[in-house]
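Below are the chains, spelled out letter by letter.
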Amino acid sequence: MIVNERIVSYIHSLEKDNSSILEAMAKYALNNDVPIIRKEVESFLRVLLLMKKPLKILELGTAIGYSAILMSECIPENGKIVTIENYEKRIPVARENIKNAGKEHMITLLEGDALELLPQIDESFDFIFMDAAKAQYINFLPHVMRLLNKDGVLLADNVLQEGELIESRYAVIKRNRTIHVRMREFLYQIKHMEELETSIIPIGDGMTLSVKKQICR
Ligand code: SAH
Ligand code: MG
């Protein structure tokens, strides 16, 4: 945990309940080891969406559709969400949840590896939520930049990797070391690109919030 545990529990204690479908999905996720956005990230996401009012959202990493359904509750009724998932076990569960939530008209689930699907997409988006393989963020980035409208918002989850990102490489296991190296590259790049203004926010597991700038100064 990046932030003091007591602070996080306190923040959680103030959160309101979600819709019953989301509450049931959160329980399923907990019991089946499905990673979903953290409680304190939910309201952050809701606030961002209510501010931005995106009509088109792209999500990388659907899992069981939790964040997609949550987002669909916060955008205009004519808004659309395209979400990508490559794990076969999770796809039917996500489809079922989207159907049960009555959101099939808003949410399109694309099956496959985001890295393969992204080049085939030829529509643009007002808001992109990156929450798939962390080691691929750096590779997703050029595609995401192509698909993101000016003034568009890019939000990426789990960028601080439980805080391990700043530990000595000897203190972390080899697999994570590679993820961390690539995540640090991503963070460096996203902070130094002329087209983006980015804030790294230590909420949840760490997030980056970027805006694609109209004017580059
Ligand atoms: N956004 C979801 C959680 C996503 S968890 C929520 O908050 O409810 C990350 C998901 O990304 C996993 O289900 C994983 O299978 C998927 N994933 C990882 N790499 C991917 C890739 N390259 N293409 C598509 N999906 C990927
Ligand atoms: Mg995540």
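The structure presented is a predicted model; accordingly, all values stated were derived computationally and were not measured.

### So, the site of ligand 1
Taken together, 21 residues are adjacent to ligand 1, and Gly61, Ser67, Glu85, Arg90 and Asp131 come closest. Contact distances for ligand 1 include 2.6 Å between an oxygen atom and a side-chain N or O atom of Glu85. In this structure, a nitrogen atom belonging to ligand 1 sits 3.2 Å away from a main-chain N or O atom of Ala133. Relative to its free-state accessible area of 580 Å², ligand 1 is covered by the protein chains to the extent of 90%. Taken together, the elements giving at least two residues each to the shell around ligand 1 come down to α4 (66–72) and β2 (80–85).

### Structural notes on the packing of helix α7 (residues 137–147) against helix α8 (residues 174–192)
Following both chains from N to C, one finds α7 and α8 inclined at 35°, their axes separated by 8 Å at the closest point. Judged by residue contacts, Tyr137, Ile138, Asn139 and Leu141 of α7 engage Arg182, Met183, Glu185, Phe186 and Gln189 from α8. Classifying every residue of the contact of α7 with α8 gives 5 nonpolar, 2 polar and 2 charged.

### Some remarks on the coordination of the magnesium ion (ligand 2)
The protein atoms that coordinate the magnesium ion (ligand 2) are Asp131 (OD), Asp157 (OD) and Asn158 (OD1), at distances of 2.2 Å. Each donor residue of the magnesium ion (ligand 2) belongs to the same chain, and together they define the spacing D-x25-D-N. Note that Asp131 is positioned in the loop between β4 (125–130) and α7 and Asp157 in strand β5 (residues 148–157), a separation of 26 residues in sequence. Assigned by exposure class, Asp131 and Asp157 land together as buried.

### With respect to α8
A rise of 1.5 Å per residue sets the reference length of α8, with its 19 residues, at 27 Å; its end C-alpha atoms lie 27 Å apart and thus fit the reference within 8%. Buried within α8 we find Asn176, Ile179, His180, Met183, Phe186, Leu187 and Ile190. The buried residues of α8 occupy an angular sector of 125° when the element is viewed end-on, so they sit on one face. Opposite the packed face of α8, turned more than 90 degrees from it, sit the exposed residues Lys174, Tyr188 and His192. Lining the buried residues of α8 we find β4, α7, β5, β6 (196–201) and β7 (207–212).

### Things to note about the side chain of Asp126
The topology assignment puts Asp126 in strand β4. Although Asp126 is buried, it makes no salt bridge; Lys52 carries the closest opposite charge, 5.7 Å away. A distance of 2.9 Å separates a polar side-chain atom of Asp126 from the backbone nitrogen of Leu55. Apart from the residues within four sequence positions on either side, Asp126 is in contact with Lys52, Pro54, Leu55, Lys56, Leu148, Asn149, Gly152 and Val153.

### What about the pattern of salt bridges?
Following the criterion strictly, the structure yields 7 salt bridges and no others. A salt bridge links Glu42 to Lys39; its shortest N-O distance comes to 3.6 Å. Taken together, the residues span about one helical turn, with Glu42 and Lys39 both in helix α3 (residues 39–52) at a distance of 3 residues. Its relative accessible area of 24% is what places Lys39 among the partly exposed residues. Here Lys134 and Asp131 are joined by a salt bridge, their closest N and O atoms 3.1 Å apart. Accessibility classification places Lys134 together with Asp131 in one group, the buried group.

The rules behind these values
Residues numbered from 1 in each chain as written. Chains lettered and ligands numbered in written order. Predicted model: local features only at pLDDT ≥ 70, side-chain atom pairs only at ≥ 80, totals over all residues. Heavy atoms only, no water. Near = heavy atom within 4 Å. Polar contact = N/O pair within 3.5 Å; in protein donor to acceptor, adjacent residues only side chain to side chain. Areas by Shrake-Rupley, 256 points an atom, 1.4 Å probe, with all protein chains shown as cover. Helix = DSSP H or I, 4+ residues; strand = E, 2+ residues; numbered from the N terminus. Axes fitted to C-alpha atoms, helices over the stretch in contact; angles between N-to-C directions. Contact = heavy atoms within 4.5 Å. Nonpolar A, V, L, I, M, F, W, Y, C, P; charged D, E, K, R; others polar. Donors = N, O, S within 2.8 Å, 3.2 Å for Na, K, Ca; no water. Buried < 20%, exposed > 50% of the residue type's maximum accessible area, 1.4 Å probe, protein only. Expected span 1.5 Å × (residues − 1). Arc of directions from axis to C-beta. Lys, Arg positive; Asp, Glu negative; His and termini not counted. Salt bridge = Lys/Arg side-chain N within 4 Å of Asp/Glu carboxyl O.

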